[in-house]
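Remarks on the overall topology
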Amino acid sequence: MQIVEGIGIGVAAVLVALFVLFLRRALVTRSGGIIRLSVRVTTVLDGRGWSPGFGRFAGDELRWYRMFSFALRPKRVLSRKTLLVERRRLPEGQERLSMPADWVILRCTSRHVPVEIAMARSTVTGFLSWLEAAPPGAASPRLAPQDWPAA
């Protein structure tokens, strides 16, 4: 009888964990403005360290949530005011195995700290539009398209 109770408790724990995971995702994505986005969390090994997740635009911030996390808070917050896109490139080497073929990697700096983000090619246009959006008359020095290779 104890084995059956143990299995029942285990199954209940797994179901509760899945419910909380889906509830978290529903709470985060309820207001729209969501994109699939991977962020490179470590650069120890070349081509590795990518973590899948999704980004949510909230005013002047892009909030990145890990895909497989119970946290309700974003893991990273990128401010439009301090984010600078340095260059973009296609996935190479090991990166091609960890992300879809049509994704583009953007090398950025945020508060003088390098950050790499990857997203679908079709999403890059919307992201860059959000990034360079500014009040009328304000210049946007955040993009450096002269350094970008044709993708």
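Residues numbered from 1 in each chain as written. Predicted model: local features only at pLDDT ≥ 70, side-chain atom pairs only at ≥ 80, totals over all residues. Heavy atoms only, no water.

1. Remarks on the pattern of salt bridges
- The tally for this structure, following the rule as stated, stands at nine salt bridges.
- For arginine 89, the salt bridge is made with glutamate 95, and the minimal N-O distance between the two is 2.8 Å. For the residue pair arginine 89 and glutamate 95, the accessibility class agrees, reading buried in each case.
- Overlapping salt bridges, with partners in common, bring together Arg40, Arg89, Glu92, Glu95 and Glu116 in one network. (Salt bridge = Lys/Arg side-chain N within 4 Å of Asp/Glu carboxyl O. Buried < 20%, exposed > 50% of the residue type's maximum accessible area, 1.4 Å probe, protein only.)

2. Here's the deal with the nonpolar core
- Judged by nonpolar contacts, the single largest core of 19 residues is most densely connected at Leu106, Ile117 and Phe127.
- The set of elements that each furnish at least two residues to this core consists of strand 1 (34-40), strand 3 (61-66), strand 5 (83-89), strand 6 (103-110), strand 7 (113-120) and helix 3 (121-132).
- It is helix 3 that provides the largest number of residues to this core, a total of five residues.
- Setting aside residues no more than four positions away along its own chain, isoleucine 117 makes contact with Leu37, Ser38, Val39, Trp50, Leu78, Val104, Ile105, Leu106, Cys108 and Phe127.
- Trp50, Met99, Trp103 and Ala120 belong to the second-largest nonpolar core, a separate cluster that totals six residues. (Core = buried A, V, L, I, M, F, W, Y, C linked by side-chain atoms within 4.5 Å. Helix = DSSP H or I, 4+ residues; strand = E, 2+ residues; numbered from the N terminus. Contact = heavy atoms within 4.5 Å.)

3. Section: the sheet that holds strand 1
- One open sheet holds the seven strands; their spatial order is 4-3-2-1-7-6-5, and the pairing between them is antiparallel. Single-partner strands in this sheet number two, and they are strand 4 (76-79) and strand 5. The mean angle between the axes of side-by-side strands here comes to 35 degrees, regardless of whether they run parallel or antiparallel.
- In this fold helix 3 packs onto strand 1, strand 2 (50-58), strand 3, strand 4, strand 5, strand 6 and strand 7, with an angle of close to 130 degrees to the strand it touches most, strand 7. (Pairing = 2+ DSSP bridges. Axes fitted to C-alpha atoms, helices over the stretch in contact; angles between N-to-C directions.)

4. A word on the pairing of strand 3
- The pairing of strand 2 with strand 3 spans six bridges and is antiparallel. If you follow glycine 53 over to strand 3, its bridge partner there is arginine 66.
- Hairpin geometry of strand 2 and strand 3 is characterised by an intervening segment of two residues between the two adjacent antiparallel strands and by a positive phi of about 65 degrees at glycine 59.
- Pairing analysis gives four bridges linking strand 3 to strand 4, with the strands arranged antiparallel. Note on strand 4: the bridge partner recorded for tryptophan 64 is arginine 76.

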